[in-house]
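Okay, here's what each chain looks like letter by letter:
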Amino acid sequence: MSKPQLNLTRIIVLDLWRHKWVLVVATLVLLNAILVVYTSHVSRKLTTQWDQLLQERDRLDIEWRNLLLEEQSLAEHSRITRVATKELNMSRPLPSEEVVVRLP
């Protein structure tokens, strides 16, 4: 009498089918682990991007302050008088040369 030949693949599939809940739980644990790794990656990437944006904001803020200082220095009365006198050959009129225009 010969024993029936057992197929190893069939035995594994039947064993897995009998313990299908263990297989489902193991699959869920594996998927959960993959999602934790992915979430950590995305979180680190967003944190890096946030830091870069903060640095860019700080750089732009410093540039804005420098531009405000430059605008103030260019608008100073003494500078305007100096440019008008030297570059445009302008001068203040004498009181006798002033003309007052009155509107009705």
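Scope of this entry: the structure provided in the associated data block. Remember, predicted model here, so these are calculated numbers, not experimental data. (Residues numbered from 1 in each chain as written. Predicted model: local features only at pLDDT ≥ 70, side-chain atom pairs only at ≥ 80, totals over all residues. Heavy atoms only, no water.)

1. Remarks on the overall build of the protein chain
When helices and strands are tallied, the protein chain shows 3 helices and 0 strands. The order of α-helices and β-strands along the protein chain, N terminus first, is α-α-α. Relative to the compact-globule value of 13 Å for 104 residues, the protein chain shows a C-alpha radius of gyration of 42 Å, a clear excess of over 25%. C-alpha atoms of the protein chain, sized along the principal axes, occupy 140 × 35 × 15 Å. Burial status across the protein chain gives 1% buried among its 104 residues. Both charge centroids of the protein chain, one from 14 positive and one from 12 negative side chains, sit 20 Å from each other. (Helix = DSSP H or I, 4+ residues; strand = E, 2+ residues; numbered from the N terminus. Rg over C-alpha atoms; globule rule 2.2 N^0.38 Å. Buried < 20%, exposed > 50% of the residue type's maximum accessible area, 1.4 Å probe, protein only. Lys, Arg positive; Asp, Glu negative; His and termini not counted. Charge placed at Lys NZ, Arg CZ, Asp CG, Glu CD.)

2. A few points about unusual backbone geometry
Phi is mostly negative for residues that are not glycine, and the peptide bonds are mostly trans. Of note, the phi angle at Asn-89 is positive, near 55°, even though the residue is not glycine. Structurally, Asn-89 is set in the segment after α3 (77–86).

3. Some points on a nonpolar patch on the surface
Taken together, the side chains of Leu-6, Leu-8, Ile-11, Ile-12, Leu-16 and Leu-23 make up a nonpolar region of the molecular surface, amounting to roughly 580 Å² of accessible area. It is helix α1 (residues 8–18) that contributes the most residues to the nonpolar patch, 4 residues altogether. (Patch = residues over 30% accessible without salt bridge, like charges linked within 9 Å, V, L, I, M, F, W, Y side chains within 5 Å. Areas by Shrake-Rupley, 256 points an atom, 1.4 Å probe, with all protein chains shown as cover. Salt bridge = Lys/Arg side-chain N within 4 Å of Asp/Glu carboxyl O.)

4. Regarding the packing of aromatic side chains
Summed over the entire model, instances satisfying the criterion amount to 0 aromatic pairs. Between the NZ or CZ atom of Lys-20 and the centre of the ring of Trp-17, over which it lies, the distance is 4.3 Å. (Phe/Tyr/Trp six-rings, centres within 6.5 Å; stacked < 30°, edge-to-face > 60°. Lys NZ or Arg CZ within 6 Å of the ring centre and 35° of its normal.)

5. As for the pattern of salt bridges
Tallied over the full model, the rule gives 5 salt bridges. A salt bridge links Asp-15 to Arg-18; its shortest N-O distance comes to 3.7 Å. Of this pair, Asp-15 and Arg-18 are both found in helix α1, 3 residues apart, which corresponds to roughly one turn of the helix. Relative accessible area serves as the criterion here: at 35%, Asp-15 is assigned to the partly exposed category. Exposure remark for Arg-18: the relative accessible area of 63% places this residue in the exposed category. Here Arg-59 ties to Glu-63 by a salt bridge, and the two come within 3.4 Å at their closest N and O atoms.

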